[in-house]
Amino acid sequence: MKLILSMIGEVIMKIYDSKAKMKLDFKPIKEGEVRIYVCGPTVYDDAHLGHARSSLVFDLLARVFRASGYKVTLAKNFTDIDDKIINKSKESNQEITQITTAYIQSYLKDMAALGVKQADIEPKATESIPEISTMIQTLMQKGAAYKSTNGDIYLEVAKDPNYGNLSMRGNDEESQARIKENEEKKDPRDFALWKAYKGEDDIGYESILGFGRPGWHIECSAMIEKHLAYKDEEFGIDIHGGGADLLFPHHENEASQTRCATGREIAKYWMHNGFVNINGEKMSKSLGNSFFIKDALKHYHGEILRNYLISTHYRSILSFSQEDLLSSKKRLDKIYRLKKRIGFIACFDSQKDLMPKNDFQNSLLEALCDDLNISKALAILESMLSESNQKIDASPKDKTLKNEIAQNLEFIASLLGIGVMNANEYFQLGVDEKQKLEIQALIEQRSEAKKQKDYTKADEIRSKLESMGIMILDTADGSVWEKA
């Protein structure tokens with residue numbers, strides 16, 4: 001579909017397809033619509049920066065599509081049954097549902113703090129057992145899957161001649177060398193679709209396959225079929241996304257089992273976001289360098305984190321650095337200073353989808369339509385901020401100008417999810433409630449001193465506030481403060 005932008009003519013959405021290994025023009029399966037599925041978390045622990053990055057990438061992608069006039073349906077699943085969850089249950093002596101419910105709520109809370117819009121569909125594996133079982137049964141009936149001697153069911157990879165076409169892996173010696181030996185398999189590459197119940201230490205669910213639980217890969221294929229897939233098209237959905245670590249074997253296996261079960265490809269395009277590095281190493285729990293979002297939020301407001309995490313192109317490695325984070329915060333400072341300067345103190349609704357209305361907005365959206373070219377988009381944003389300040393300097397009382405700037409800032413909030421807060425509150429971040437009460441009391445004392453024309457005392461109070469790192473601004477509506 002060609003995207004029509006009023007000021008710049010026709011712009012075609014371009015995305016880098018992980019399968020084609022190149023940037024392609026995006027052409028939806030159904031005109032004016034886009035269906036996106038993103039692999040969500042396995043809910044046995046708190047969300048980390050890797051989860052944050054993936055969520056932010058596809059949140060931004062959905063915002064760009066919506067601003068371009070598409071009807072977007074975004075699904076993100078929760079894997080709520082898995083070996084890791086079972087082990088967590090044993091270690092903590094908690095019920096599976098108690099663990100998964102708590103971590104799902106924690107995840108959603110963290111994502112909301114980052115300004116991530118909740119997905120349109122959020123399926124859970126445990127709520128999809130009938131659909132999973134039916135798909136596995138179909139695979140067995142078509143001769144693409146088999147039951148082992150211990151009751152487990154595996155996909156027979158050799159029955160899929162296109163296995164490996166997505167990741168270009170799986171058929172090579174290096175990939176096969178990493179696969180654990182399993183006498184139950186016909187081929188080392190075969191992977192579990194269903195795990196039969198093994199006894200009291202295991203977890204199982206009733207199904208047409210008997211008592212047991214699904215393998216990881218089949219969950220996503222079945223949930224896509226249930227909630228999103230076009231049943232009569234060449235491809236099930238438009239875009240399948242996730243972290244680069246999921247390309248093989250998870251997404252390769254998904255693609256294979258869906259192909260074998262339905263005769264069509266699971267997705268037309270594949271998108272993968274890059275890793276997050278901490279101290280120069282790929283972030284992972286095994287390395288002990290996972291950075292939980294809840295811990296980051298103790299030090300930085302969610303919008304400051306969002307602003308930083310989206311500022312690196314989604315396919316590049318993001319090397320987390322507090323120095324870079326604070327440097328990127330200067331962009332937010334500029335947005336909020338402009339917001340205050342035009343007299344727009346209130347919050348913007350970042351959940352509202354806006355269409356572009358002028359050259360700047362069209363240019364910003366056009367940049368992001370080029371495979372989410374965030375560097376170009378932020379350069380356009382910086383130019384707008386600078387030019388807006390120059391125009392205000394030249395025409396400080398021009399209400400039409402200030403209204404246009406306010407519309408631009410609202411579009412930024414809608415498209416990028418930044419600049420959404422109350423401007424005064426933004427500049428008071430990092431000050432606790434006790435300090436706020438103390439500051440307000442000093443401001444009131446200063447105001448009273450000025451009324452009494454005791455300017456020496458008023459200046460002393462201002463100096464005291466400045467020593468506390470607080471800057472006072474006297475306005476027509478009274479004195480306001482912000483953190484220096």
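Shown above is the structure to which this text applies.
Heads up: these notes are all about the structure in this document. (Residues numbered from 1 in each chain as written. Predicted model: local features only at pLDDT ≥ 70, side-chain atom pairs only at ≥ 80, totals over all residues. Heavy atoms only, no water.)

## Here we look at the overall build of the protein
Stage number 1. Summing up its helical and strand segments, the protein has 16 helices and 17 strands in all.
Stage number 2. Across its three principal axes, the protein shows a C-alpha extent of roughly 95 × 55 × 35 Å.
Stage number 3. Each of the 484 residues in the protein was classed as buried or not, and the buried ones make up 53%.
Stage number 4. Accessible surface computed for the protein: about 22400 Å², of which carbon and sulfur atoms make up 48%.
Stage number 5. Averaged over its 67 positive side-chain charges, the protein has a centre that lies 4 Å from the centre of its 74 negative ones. (Helix = DSSP H or I, 4+ residues; strand = E, 2+ residues; numbered from the N terminus. Buried < 20%, exposed > 50% of the residue type's maximum accessible area, 1.4 Å probe, protein only. Areas by Shrake-Rupley, 256 points an atom, 1.4 Å probe, with all protein chains shown as cover. Lys, Arg positive; Asp, Glu negative; His and termini not counted. Charge placed at Lys NZ, Arg CZ, Asp CG, Glu CD.)

## Thoughts on helix 7 (residues 247–262)
Stage number 1. Taking 1.5 Å per residue, 16 residues should reach 22 Å; helix 7 reaches 21 Å between its end C-alpha atoms and fits that length.
Stage number 2. Burial of helix 7 is extensive: 14 of the 16 residues sit out of reach of the surface.
Stage number 3. In the segment just after helix 7, Gly 263 is the residue with positive phi, at about 80 degrees. (Expected span 1.5 Å × (residues − 1).)

## A closer look at helix 2 (residues 83–92)
Stage number 1. Of all the positions in helix 2, only Ile 85, Ile 86 and Ser 89 are classed as buried. Here the buried residues of helix 2 occupy an arc of 100 degrees about the axis, which is enough to place them on one side.
Stage number 2. Packing partners of the buried residues in helix 2 comprise helix 3 (96–113) and strand 10 (212–214).
Stage number 3. The backbone nitrogen of Lys 84 has a side-chain oxygen 2.8 Å away, supplied by the residue at the start of helix 2, namely Asp 82.
Stage number 4. One or two positions beyond helix 2, positive phi appears at Asn 93, with a value near 60 degrees. (Arc of directions from axis to C-beta. Contact = heavy atoms within 4.5 Å. Polar contact = N/O pair within 3.5 Å; in protein donor to acceptor, adjacent residues only side chain to side chain.)

## Focus: the sheet that holds strand 10
Stage number 1. In space, the four strands of this open sheet follow the order 7-8-9-10, with antiparallel pairing throughout. At either margin of the open sheet sits one strand with a lone partner, and together these are strand 7 (145–147) and strand 10. Each strand of the sheet is rotated relative to its neighbour by a mean of 20 degrees, with strand direction disregarded.
Stage number 2. Bridge count for strand 8 (residues 153–155) against strand 9 (residues 191–196) is three bridges, and the pairing is antiparallel. Directly across from Leu 155, in strand 9, lies its bridge partner Phe 191. (Pairing = 2+ DSSP bridges. Axes fitted to C-alpha atoms, helices over the stretch in contact; angles between N-to-C directions.)

## Observations concerning the nonpolar core
Stage number 1. One finds Phe 65, Ile 239, Leu 381, Leu 409 and Leu 416 to be the most contacted residues of the largest nonpolar core, which totals 87 residues.
Stage number 2. Of all the elements, helix 1 (residues 49–67) adds the most residues to this core, at eleven residues.
Stage number 3. If we ignore the near neighbours within four places in the chain, the residues touching Leu 381 are Arg 331, Ile 335, Phe 360, Ile 412, Leu 416 and Ile 418.
Stage number 4. Judged by nonpolar contacts, the second largest core, of 20 residues, contains Met 135, Ile 153, Leu 155 and Ala 261. (Core = buried A, V, L, I, M, F, W, Y, C linked by side-chain atoms within 4.5 Å.)

## Considering unusual backbone geometry
Stage number 1. Note that the residue after Phe 248, namely Pro 249, is joined by a cis bond; omega there is 5 degrees.
Stage number 2. Here Pro 249 lies in helix 7.
Stage number 3. The backbone of Lys 21 shows a phi angle near 60 degrees, a positive value even though the residue is not glycine.

## With respect to the environment of Ser 327
Stage number 1. With respect to the element layout, Ser 327 can be found in helix 10 (residues 322–341).
Stage number 2. When its relative accessible area of 41% is taken as the criterion, Ser 327 is described as partly exposed.
Stage number 3. The spacing of Ser 327 and Tyr 455 is 128 residues in sequence and 38 Å in space, taken between C-alpha atoms.

## What about the side chain of Ser 207?
Stage number 1. Summarising the element assignment, Ser 207 is placed in the loop between strand 9 and strand 10.
Stage number 2. Here the side chain of Ser 207 touches Leu 209 through a polar contact of 3.0 Å, landing on its backbone nitrogen.
Stage number 3. A polar atom in the side chain of Ser 207 sits 2.8 Å from the backbone oxygen of Gly 210.
Stage number 4. Not counting residues up to four positions away in its chain, the partners in contact with Ser 207 are Ile 129, Ser 133 and Trp 194.

## Details of the packing of aromatic side chains
Stage number 1. With the rule as written, the count across this model stands at 13 aromatic pairs.
Stage number 2. Residues Tyr 336 and Phe 427 carry aromatic rings whose centres are separated by 6.5 Å and whose planes lie at 80 degrees to one another, so their mutual orientation is edge-to-face. Within this pair, whereas Tyr 336 is found in helix 10, its partner Phe 427 is found in the loop between helix 14 (423–426) and helix 15 (433–451), the two being separated by 91 residues in sequence. Phe 427 matches Tyr 336 in its accessibility class, with the two residues each being buried.
Stage number 3. An aromatic cluster of three or more residues is present, and its members are Phe 26, Phe 65, Tyr 70 and Tyr 269. (Phe/Tyr/Trp six-rings, centres within 6.5 Å; stacked < 30°, edge-to-face > 60°.)

## Examining the state of the cysteines
As used in these notes, a disulfide is a covalent bond between sulfur atoms, one from each of two cysteines.
Stage number 1. Tallying each qualifying case throughout the model produces zero disulfides.
Stage number 2. For the unlinked cysteine Cys 39, the closest cysteine sulfur is that of Cys 220, found at 3.9 Å.
Stage number 3. A residue is classified by how much of its surface remains accessible, and Cys 39, at 11% relative accessible area, is buried.
Stage number 4. The exposure class assigned to Cys 220 is buried, which follows from its relative accessible area of 1%. (Disulfide = S-S within 2.5 Å.)

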